Amino acid sequence: MSTPANALGAAPAPARPRRSLWPARLDLAQSLSGLVLGLFMWGHMFFVSSILLGYDAMWTITKMFEGYFFFGTAYPILVSFVVAFVFVLFIAHAALAVRKFPISYRQYRAYRDHMGMMRHEDTTLWWWQVATGFAMFFLASAHLYQMLMNPGLIGPFESAERVWRGWWPLYLVLLFCVELHGGIGLYRLAVKWNWFAGSDDNATRRNLKKLKWALSVFFIVLGLATLAAYMKTGYQNRHVPGVRYTPAWLTNPPQAAPPAWWPSWLKGDKR
Ligand code: HEM
């Protein structure tokens, strides 16, 4: 076999190792799982904050997720299925993200020095994303396990009692962590994948950053108002531990007529 290299007696060039596609695939999986979790959290916050619309609104949302308006009976296990899916996605996202964490003091030092020198907002935002992500390893896992194992204890009074009797400090810290982490994450995804590319990249990035801060502030304010509503209800019910909420039209005897939207085929609380 005569090749030019051989012709000159030179050793054949060593075959260049093929670049693995796995890092890029893992990055894509991290982006996708982050996107789904970020959008889930927006929905989650609207559902949890339904307490601000009244006890009946929060009760109705809770029963909707338990299949009550489909089966005529509540199946809290359905909520556990959703929690299990979110928990697996959350763990996968965290495992993918750990690849990017500074894992030695030297890496930590290098990043901090770089951050201090650059004073570049996106560099600092990434640091906050790592710090809030680390905190959620523990805080969100506790919350998810609680929801997984006690899906039937969600409701206006049931949630309020849990928040009042001890979960509010965790929720307070978790609220800031998840809204900052999610907001920064969605912003970085939009920049990384060029979703809202316009004629002027800098202007697009400035607008995305404004939107990111507006959304984070909106969800933190909504979350704080929601937490305050649960605390107020929990305080009002502090002398009746374990009290469950039943809408006035489902009490026995009913203390009010069912609302206009109440499906006629649903008679009484079959829980
Ligand atoms: C399917 C999964 C989930 C379910 C069913 C769920 C359910 C709930 C419920 C019912 C509450 C009201 C308080 C209570 O009952 O204790 C709540 C509050 C909260 N959850 Fe979740 N959650 C889920 C996942 C998550 C995740 C993944 C995070 C963050 C990483 C999170 C963060 C929070 C925060 C911060 C609060 C307090 C909200 C506030 O009042 O400001 N949740 N959740």
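Everything below is about the structure printed above this text.
Enquirer: Just checking my understanding: could you explain the nonpolar core for this structure?
Expert: A general feature of soluble globular proteins is that nonpolar side chains tend to end up buried together. In terms of nonpolar packing, the biggest core is built from 26 residues, with Phe90, Met136, Leu144, Tyr171, Leu174 and Tyr230 touching the most fellow members. Among the elements of the structure, α2 (22-48), α5 (77-98), α7 (121-149), α8 (156-192) and α9 (201-236) are those that each provide at least two residues to this core. The element best represented in this core is α8, accounting for 7 residues. The contact partners of Tyr171, leaving out residues within four places of it in the chain, are His143, Met147, Arg162, Val163 and Leu227.

Enquirer: I'm lost on the site of the ligand in this one. Help?
Expert: Taken together, 23 residues are adjacent to the ligand, and His44, His143, Ser159, Arg162 and Tyr171 come closest. Contributions of two or more residues to the shell around the ligand are made by α2, α5, α7, α8 and α9. Broken down by element, the shell around the ligand gets its largest block of residues, 7 residues, from α8. Partitioned by chemical class, the residues of the shell around the ligand number 17 nonpolar, 5 polar and 1 charged.

Enquirer: What is the right way to read the coordination of the iron atom of the ligand from this model?
Expert: Each pair of donors in an ideal octahedron of six around a metal sits at 90 or 180 degrees, and each pair in an ideal tetrahedron of four sits at 109.5 degrees. Each protein donor to the iron atom of the ligand is listed here as His44 (NE2) and His143 (NE2); together their distances run 2.0 Å. Taken together, the 6 donor atoms coordinating the iron atom of the ligand span angles of 87 to 179° at the metal, a pattern that classifies the geometry as octahedral. Here His44 is found in helix α2, whereas its partner His143 is found in helix α7, with 99 residues between them in sequence. Assessed through its relative accessible area of 21%, His44 is described here as partly exposed.

Enquirer: Where do I start with the pattern of salt bridges in this structure?
Expert: Any two side chains of opposite charge can pair if their charged atoms end up close together. Evaluation of the coordinates by the stated rule reveals 9 salt bridges. In this structure, the salt-bridge partner of Glu66 is Lys63, at a minimum N-O distance of 2.7 Å. Each of the two residues, Glu66 as well as Lys63, counts as buried. A salt bridge links Arg244 to Glu158; the nearest nitrogen and oxygen atoms lie 2.8 Å apart. One end of the pair, Arg244, is in the segment after α9; the other, Glu158, is in helix α8, with 86 residues separating them in the sequence. Judged by relative accessible area, Arg244 falls into the partly exposed class, the value being 38%. Glu158 gets classed as buried once you look at its relative accessible area, which sits at 7%. Salt bridges sharing common partners tie together Glu121, Asp122, Arg205 and Lys209.

Enquirer: Sorry if this is basic, but what is going on with α5 here?
Expert: Because an α-helix completes one turn every 3.6 residues, residues spaced three or four positions apart along the sequence face the same direction. Along its 22 residues, α5 runs 31 Å from first to last C-alpha, staying within 8% of the 32 Å computed at 1.5 Å per residue. Of all the residues in α5, the buried ones are Val79, Ser80, Val83, Val86, Phe87, Leu89, Phe90, His93, Ala94, Leu96 and Ala97. Where α5 is buried, its residues meet α2, α3 (55-65), α7 and α8.

Enquirer: Is there a simple way to explain the packing of aromatic side chains in this structure?
Expert: Given two aromatic rings, one states the distance between the centres and the angle between the planes to describe the pair. This structure, assessed with the given rule, holds 30 aromatic pairs. Plain terms: the ring middles of Phe46 and Phe218 are 6.2 Å apart, the flat faces sit at 45° to each other, and that makes the pair tilted. Highlighted residues: Phe46 in helix α2 and Phe218 in helix α9, separated in sequence by 172 residues. Judged by its relative accessible area of 40%, Phe218 falls in the partly exposed class.

Enquirer: Looking at this structure, how should I read helix α6 (residues 105-118)?
Expert: Between its first and last C-alpha atoms α6 spans 20 Å; for 14 residues at 1.5 Å apiece the expected length is 20 Å, and the two agree. The first or second residue beyond α6 is Arg119, which carries a positive phi of 45°.

Enquirer: Can you walk me through the side chain of Lys209 in this structure?
Expert: In this structure, Lys209 sits in helix α9. For Lys209, the side chain forms a polar contact with the side chain of Asp122, separated by 2.8 Å. Sequence-distant contacts of Lys209, that is, excluding residues within four places in its chain, are made with Glu121, Asp122 and Tyr187.

Enquirer: Help me understand unusual backbone geometry in this model?
Expert: Residues other than glycine predominantly adopt negative phi, and peptide bonds predominantly adopt the trans conformation. A cis geometry characterises the amide bond from Asn252 onward to Pro253, with omega recorded as 0°. By the element assignment, Pro253 lies in the segment after α9. Residues other than glycine seldom take positive phi values, yet Asn194 does so here, at roughly 55°. Summarising the element assignment, Asn194 is placed in the loop between α8 and α9. According to the relative accessible area criterion, Asn194 is partly exposed, its value standing at 47%.

Parameters and conventions
- Residues numbered from 1 in each chain as written.
- Predicted model: local features only at pLDDT ≥ 70, side-chain atom pairs only at ≥ 80, totals over all residues.
- Heavy atoms only, no water.
- Core = buried A, V, L, I, M, F, W, Y, C linked by side-chain atoms within 4.5 Å.
- Buried < 20%, exposed > 50% of the residue type's maximum accessible area, 1.4 Å probe, protein only.
- Helix = DSSP H or I, 4+ residues; strand = E, 2+ residues; numbered from the N terminus.
- Contact = heavy atoms within 4.5 Å.
- Near = heavy atom within 4 Å.
- Nonpolar A, V, L, I, M, F, W, Y, C, P; charged D, E, K, R; others polar.
- Donors = N, O, S within 2.8 Å, 3.2 Å for Na, K, Ca; no water.
- Tetrahedral: all angles 85-135°; square planar, octahedral: opposite > 155°, others 65-115°.
- Salt bridge = Lys/Arg side-chain N within 4 Å of Asp/Glu carboxyl O.
- Expected span 1.5 Å × (residues − 1).
- Phe/Tyr/Trp six-rings, centres within 6.5 Å; stacked < 30°, edge-to-face > 60°.
- Polar contact = N/O pair within 3.5 Å; in protein donor to acceptor, adjacent residues only side chain to side chain.

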